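# Breakdown of the fold
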Amino acid sequence: MTRFNRREFLKTLATGSAALLALRFTSGCEFVDVETFGTGGDTSFLTPQDDGVWFWQSGNSIAKEDAPNIAADDWRLAITAGDQRLGELNYQQLRELGAQGQELTYWKTLRCVFSLNLGPLLTSLIANGLFTGVPLTAALEAIDIPAEAVKIRTFGADGFTSNIPLSRLNAEGQLPVMLAYELNGEPLSRLRGGPVRLIIPEMWGYKNMKWLDRLDFTASDEAFGVYETVRFRGVASIDAPGKMALANHTITLAGRNATLDGPDITIEGVAVSGDAAITEVRFSVDDGPERQADLLGDDAGEVRQSLPPALQALMADAAQDDESWPLPNVWVRWSANIEGLSPGSHTLTVRAFDSEGRAQQLDTGDPLAVAQAVRVPFEISD
Ligand SMILES: Nc1nc2c(c(=O)[nH]1)N[C@H]1C(S)=C(S)[C@@H](COP(=O)(O)O)O[C@H]1N2
Ligand SMILES: [Mo]
């Protein structure tokens, strides 16, 4: 197994299609399959659960057809500390906890960490929805957690593994880690990791275990998990805390080097930051003066109106109240009109700012750095 290698990764990308509709690249001896919804044009705030609308990422390199197919009645969560069995939870018990008042719903933008490296290339490994479930702490109430435990190792039925620091479970001021069984008011589908997956608000996709079937409490602080120890071995932020970084995604120029009809164009995208809210998006053309893009998903009322009635009601139940928008860990859409472009080559530069005072930089010297503004070449036709 070789380490994740940026140069190899870039070479692979260079041979891919501009829109990155389906991407396949090697990481050491393994393949990672990545599918995106492409660079659409009308990203809705909420991504429908339907196949092909959410992105699908098998961190474990399995094809969709091979995704575990677990009936709700057959789902079991084993809770262990190494060889020792601490308890077990089934689907009905989980739903009962929900029915007894433990249920909660919140917005979560799920985002693959491969988009960290693909970000400047307009990847769409990102989607947003309303997850419903039970706080993990509620499900663990009857469990005797070993006093020396520092991490929870997490296991999926497909063999994927990851971990979360135990301290995250009771972190103050954070939404709870969730055992999620619904997305957008519907049972969590097979491809989304149903019947039950983990949802951790501020963390990258790989920490959000699909087809969750075991939680193992360990006193070892060693890195653990497929991404943590194989794909991104040695990248400190990948093991813990695993927080999403500030970035822009899905900028709709239909890919790099797109040719567009001028002289006026509209650009649109989504921006998100782990643990913080997007406060501003700025853009410039050909390194001219920066202007502010309009933020579209930063207002709760506006978002609610864009949803079907059933989801408006679900949103009203969500743990994030209207006053706290725009939300940390949740994308905002942005758009802008650019007028009077001359025929020929141009460069669009876009950067996001968050409520923690972080900003994407115009030049970090590393085009793949996460803090790097997105730069996209495009053409205006004659
Ligand atoms: N069991 C399991 N959980 C998993 C994965 C996996 O391969 N197996 N992939 C992870 C990765 S890398 C990402 S980005 C997200 C993708 O979630 P999605 O397929 O629902 O979009 O799931 C995470 N959870
Ligand atoms: Mo991922």
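Residues numbered from 1 in each chain as written. Chains lettered and ligands numbered in written order. Predicted model: local features only at pLDDT ≥ 70, side-chain atom pairs only at ≥ 80, totals over all residues. Heavy atoms only, no water.

## Observations regarding the overall build of the protein chain
Counted only if it meets this: Put simply, DSSP marks the helices as runs of H or I at least four residues long and the strands as runs of E at least two long, and each gets a number from the N terminus on. When accessible area is computed with a 1.4 Å probe and restricted to protein chains, residues below 20% of their type maximum are described as buried, those above 50% as exposed, and intermediate ones as partly exposed. Contact criterion: two residues are considered in contact whenever any of their non-hydrogen atoms come within 4.5 Å of each other. Surface exposure here means Shrake-Rupley accessible area, sampled with a 1.4 Å probe, where a residue is shielded only by the protein chains that are shown.
Summing up its helical and strand segments, the protein chain has eight helices and 22 strands in all. Here the protein chain holds 382 residues, and the buried ones make up 55% of them. A separation of at least 24 residues holds for 73% of the contacts in the protein chain among residues at least 6 apart in sequence. Accessible surface for the protein chain amounts to roughly 15800 Å². Of this, 47% is attributable to carbon and sulfur atoms.

## Description of the side chain of Ser335
Its location among the elements puts Ser335 in strand 20 (residues 332-338). Look past the residues within four positions of Ser335 in its chain and what remains in contact with it is Ile267, Glu268, Ala293, Asp294 and Leu296.

## Comments concerning the nonpolar core
Put simply, the rule reads: We define the nonpolar core as a collection of buried residues of types Ala, Val, Leu, Ile, Met, Phe, Trp, Tyr and Cys that are connected through side-chain atoms lying within 4.5 Å of one another. Segmentation into domains, and thus their bounds, comes from an automatic or database assignment.
In this structure, Trp107, Leu136, Ile164, Leu179 and Tyr227 are the most contacted members of the largest nonpolar core, which totals 74 residues. Both of domain 1 (6-238) and domain 2 (247-380) provide at least three residues apiece to this core. When residues no more than four places from it in sequence are discounted, the contact partners of Leu136 are Ile152, Ile164, Leu169, Val177, Met178, Leu179, Leu198 and Leu215. Counting 25 residues, the second-largest nonpolar core is a separate cluster that includes Ala258, Val281, Val285 and Val332.

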